[in-house]
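Observations on chain architecture
Spelled out from the first residue to the last, the chains are:
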Amino acid sequence: FCLMAVPGKVAAFRLPPLPTVGEIIKLFRLKAQKQLSQNFLLDLRLTDKIVRQAGELKNAHVCEVGPGPGGITRSILSAGVEQLLLIEKDARFVPGLQMLSEAAPGKVCVVHGDILTYKMEKAFPKHLKKNWEDEPPDIHIIGNLPFSVSTPLIIKWLENVSKKDGPFIYGRTQLTLTFQKEVAERLTANPGGKQRSRLSIMSQHLCTVENCFVIPGQAFVPKPKVDVAVVHFTPLVQPKIQQPFKLVEKVVRSVFQFRRKYCFRGIETLFPESGRLKRTEQLMMTADVDPTLRPFQLSMSHFRNLCNTYRKMCDEDPSLFAYSYREELKQRKKTRNLLKSTSQPKQTEEENQL
């Protein structure tokens, strides 16, 4: 459902006096839930700083993910947005957010729902749509994400970028999100960096990714064991690897499967056991990738060549893309266990009774 205050506009928007975020937490007896990895940010100077990273928000349409007690929400409203959509999974926060909605008539829509299943295609007015090649639309997604949801959510949104659907049906919608510091370092890591990973390739081949600043853990309530970083994403006009998302993801995941070994070890897992060595050599030779490089040393052009060559191999052998290394391992283990059980000597009737 969507809760929205009665329409009404004011020339220069300013929130009326309201209880502080800390007072809202006390008023509604809100407590961060550990199983949902919730951490509240109460310092409005920091929430203002996060919102500034999104860019110019005056008269923009913004979706805030997981607003919780509404700290960042206040900073977004103070930036003079046209409309603010709040998507909150935890029903305990809805009354406090509704109070903010009433303080900003006609500006705020509160949705009690899960961002992982919410249909973003209908979240904003159609007239805001822009062509992909144009400047990004006047739409922003901002969120202090719980650690448990941040990685699956950014992977989902990167797939949306690749397909130009979800929140990217409106054009190159920008994202400003918080991540555990280590995850943010992976998202922005360069070739050769120790944090270079699957996330680095998947995000950087589709977006310009900027690690804006770090917020120390003690700024949050309750204090997490790690620091938090704010990351800004702007989708690229042309992806650096022009292949379907699932294909790129499969190649990248395989390469990083054995991140400390030579890259050919991970690339081998793209192929069934029969003919594995020959096909791995063929892929690496055609893609012009040195098999003795470690996965984190591979550049974006290495991954582009690997994906393009693998695509050609899949076109020649359509069963190849469906192949799963893990499934093959499972089947082999099953067969081994079956052989073990059948090769054991049969028990006597006495032993069975015992």
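Residues numbered from 1 in each chain as written. Predicted model: local features only at pLDDT ≥ 70, side-chain atom pairs only at ≥ 80, totals over all residues. Heavy atoms only, no water.

Under the annotation held in an unreviewed UniProt entry, the chain carries the name rRNA adenine N(6)-methyltransferase and is attributed to Eudyptula minor. Per UniProt, the chain carries the Sequence similarities (unreviewed entry) text "Belongs to the class I-like SAM-binding methyltransferase superfamily. rRNA adenine N(6)-methyltransferase family. KsgA subfamily." Per its UniProt entry, the chain bears the Subcellular location (unreviewed entry) comment "Mitochondrion". (UniProt positions renumbered as here; feature names shortened; annotations may be inferred.)

Position of Glu 64 relative to the elements: it lies in strand β3 (residues 61-65). Lacking a salt bridge, the buried Glu 64 has Arg 74 as its closest oppositely charged neighbour, with an N-O distance of 9.6 Å. Side-chain polar atoms of Glu 64 contact the side chain of Thr 73, separated by 2.6 Å. In contact with Glu 64, not counting residues within four places along its chain, are Ile 72, Thr 73, Ile 76, Leu 84, Leu 85, Leu 86, Ile 87 and Ile 142. (Helix = DSSP H or I, 4+ residues; strand = E, 2+ residues; numbered from the N terminus. Buried < 20%, exposed > 50% of the residue type's maximum accessible area, 1.4 Å probe, protein only. Lys, Arg positive; Asp, Glu negative; His and termini not counted. Salt bridge = Lys/Arg side-chain N within 4 Å of Asp/Glu carboxyl O. Polar contact = N/O pair within 3.5 Å; in protein donor to acceptor, adjacent residues only side chain to side chain. Contact = heavy atoms within 4.5 Å.)

For the rest of this paragraph, the subject is the packing of aromatic side chains. Under the defined criterion, the tally for this structure stands at five aromatic pairs. On the basis of an interplanar angle of 65° and a centroid distance of 6.1 Å, the ring pair of Phe 179 and Phe 233 is categorised as edge-to-face. With a gap of 54 residues between them, Phe 179 in strand β7 (residues 174-180) and Phe 233 in strand β10 (residues 228-235) connect regions that are remote in the sequence. Each member of the pair, Phe 179 as well as Phe 233, is classed as buried. Taken together, a centroid distance of 6.4 Å and an interplanar angle of 35° make the contact between Tyr 262 and Phe 264 tilted. According to the relative accessible area criterion, Tyr 262 is partly exposed, its value standing at 37%. Lying across the ring of Phe 321, Lys 250 places its NZ or CZ 5.1 Å from the centre. Seen from the ring of Phe 258, Arg 265 lies directly overhead, with NZ or CZ sitting 4.3 Å from the centre. (Phe/Tyr/Trp six-rings, centres within 6.5 Å; stacked < 30°, edge-to-face > 60°. Lys NZ or Arg CZ within 6 Å of the ring centre and 35° of its normal.)

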